[in-house]
Amino acid sequence: YAVACGGGGTHRMGLYDAVLVKDNHLAHVPESEWTAALSAMAARARREVPGLKFVMVEVDTSAQLERVLAVPAGTLDLVLLDNMGFDALREAVALRDRVAPGVRLEASGGVTLETVRAIAETGVDRVSVGALTHSSVNLDLGLDIAGLSAGEGQTA
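Criteria and thresholds
Residues numbered from 1 in each chain as written. Predicted model: local features only at pLDDT ≥ 70, side-chain atom pairs only at ≥ 80, totals over all residues. Heavy atoms only, no water. Helix = DSSP H or I, 4+ residues; strand = E, 2+ residues; numbered from the N terminus. Expected span 1.5 Å × (residues − 1). Buried < 20%, exposed > 50% of the residue type's maximum accessible area, 1.4 Å probe, protein only. Arc of directions from axis to C-beta. Contact = heavy atoms within 4.5 Å. Pairing = 2+ DSSP bridges. Right-handed = clockwise from strand over helix to strand, strands pointing away. Patch = residues over 30% accessible without salt bridge, like charges linked within 9 Å, V, L, I, M, F, W, Y side chains within 5 Å. Areas by Shrake-Rupley, 256 points an atom, 1.4 Å probe, with all protein chains shown as cover. Salt bridge = Lys/Arg side-chain N within 4 Å of Asp/Glu carboxyl O.

Enquirer: Can you help me understand helix α4 (residues 86-99) in this one?
Expert: Side chains of residues three or four places apart in an α-helix project in the same direction, reflecting 3.6 residues per turn. Over its 14 residues, α4 extends 20 Å from the first C-alpha to the last, a length consistent with the 20 Å expected when each residue adds 1.5 Å. Among the residues making up α4, those that are buried are L89, A92, V93, L95 and R96. Take α4 and look down its axis: the buried residues cluster within an arc of 165°, on one side only. For α4, exposure combined with an orientation more than 90 degrees from the buried face picks out D87, E91 and R98. On the buried face of α4, the contacting elements are α3 (62-69), β3 (78-82), β4 (104-108) and α5 (116-120).

This is the structure:
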């Protein structure tokens, strides 16, 4: 909400309006079965979550990305490329363009305001900058009332 109020773009407002399948959600699934598992997860999410904005899957290797991009077209909306370097991001974009051009790619992990431009120039569709929220400076605001002695202003 704060990012939106500050003029930034948000892709969701909370955990209720989109589905992110993280790599640990797939840890028990052999990579050879990811296509079927992700298809089933996405179908269930779209069936059970009214107004679902998107289904996204997190990957951190090119092998995982290949498996995810094998999922039938229209099943997944986004792939989150987690903690990939510039070369890996460029390779991911090239693979996506060849195999599944309808899937959007989002770079995430270790993104700073200093690196966001270079990451965007790799060709990904989106870049998540967690520093906008987890590194923001808070305001220490106190409300002290002067001129009252202990007990003054209190009623029984």
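Having seen the model, we can carry on.
Enquirer: Sorry, what's going on with the environment of R117 here?
Expert: Here R117 shows up in helix α5. For R117, a relative accessible area of 63% gives the class exposed. A C-alpha to C-alpha distance of 9.2 Å links R117 and V127, two positions ten residues apart in sequence.

Enquirer: Would you mind going over the sheet that holds strand β5 (residues 126-127) with me for this structure?
Expert: Pairing between the strands of a sheet is mediated by backbone hydrogen bonds and can be parallel or antiparallel. If you trace the five strands from one edge of the open sheet to the other, you get β1-β2-β3-β4-β5, paired in parallel fashion. With one partner strand each, in any of the chains shown, β1 (19-21) and β5 form the two edges of the open sheet. Looking at chain direction, strand β2 (residues 55-59) and β3 are connected through four bridges and run parallel. Bridge assignment links V59 to a residue of β3, and that residue is L81.

Enquirer: Before we go on, may I ask you to explain the pairing of β2 in this structure?
Expert: As a general feature of sheets, a regular strand has side chains that alternate between the two faces. When you tally the buried positions in β2, you get five out of five residues, the bulk of the element. Because side chains alternate across β2, one face comprises the buried residues V55, V57 and V59, and the other comprises M56 and E58, equally buried. Two elements, β1 and β2, share three bridges in a ladder whose sense is parallel. Within β2, the position partnered with V19 by the bridge is V55. You can see the chain leave β1, run along helix α2 (residues 34-48) and come back into β2, and the turn it takes is right-handed. Note that the unit made of β2, α3 and β3 has a crossover that is right-handed.

Enquirer: For this particular structure, what's the right way to read a nonpolar patch on the surface?
Expert: On the surface, a cluster of nonpolar side chains totalling about 430 Å² of accessible area is made up of Y1, M13 and Y16. Take Y16: it is sitting in the loop between α1 (2-5) and β1.

Enquirer: Quick question: what am I supposed to make of the pattern of salt bridges here?
Expert: A pair can form between side chains of opposite charge whenever their charged atoms are brought close. Under the criterion given, the structure shown has eight salt bridges. Linking E48 and R44 is a salt bridge whose minimum nitrogen-to-oxygen distance equals 3.1 Å. Taken together, the positions of E48 and R44, both in helix α2 and four residues apart, correspond to about one turn of that helix. Among the salt bridges present, the one from R90 reaches D87, with a minimum N-O distance of 2.7 Å. Pair noted here: R90 and D87 are both in helix α4, with a separation of three residues, about one helical turn. The partly exposed category is assigned to R90, whose relative accessible area is 39%. Because the salt bridges share partners, they merge into one network encompassing R96, D97 and D125.

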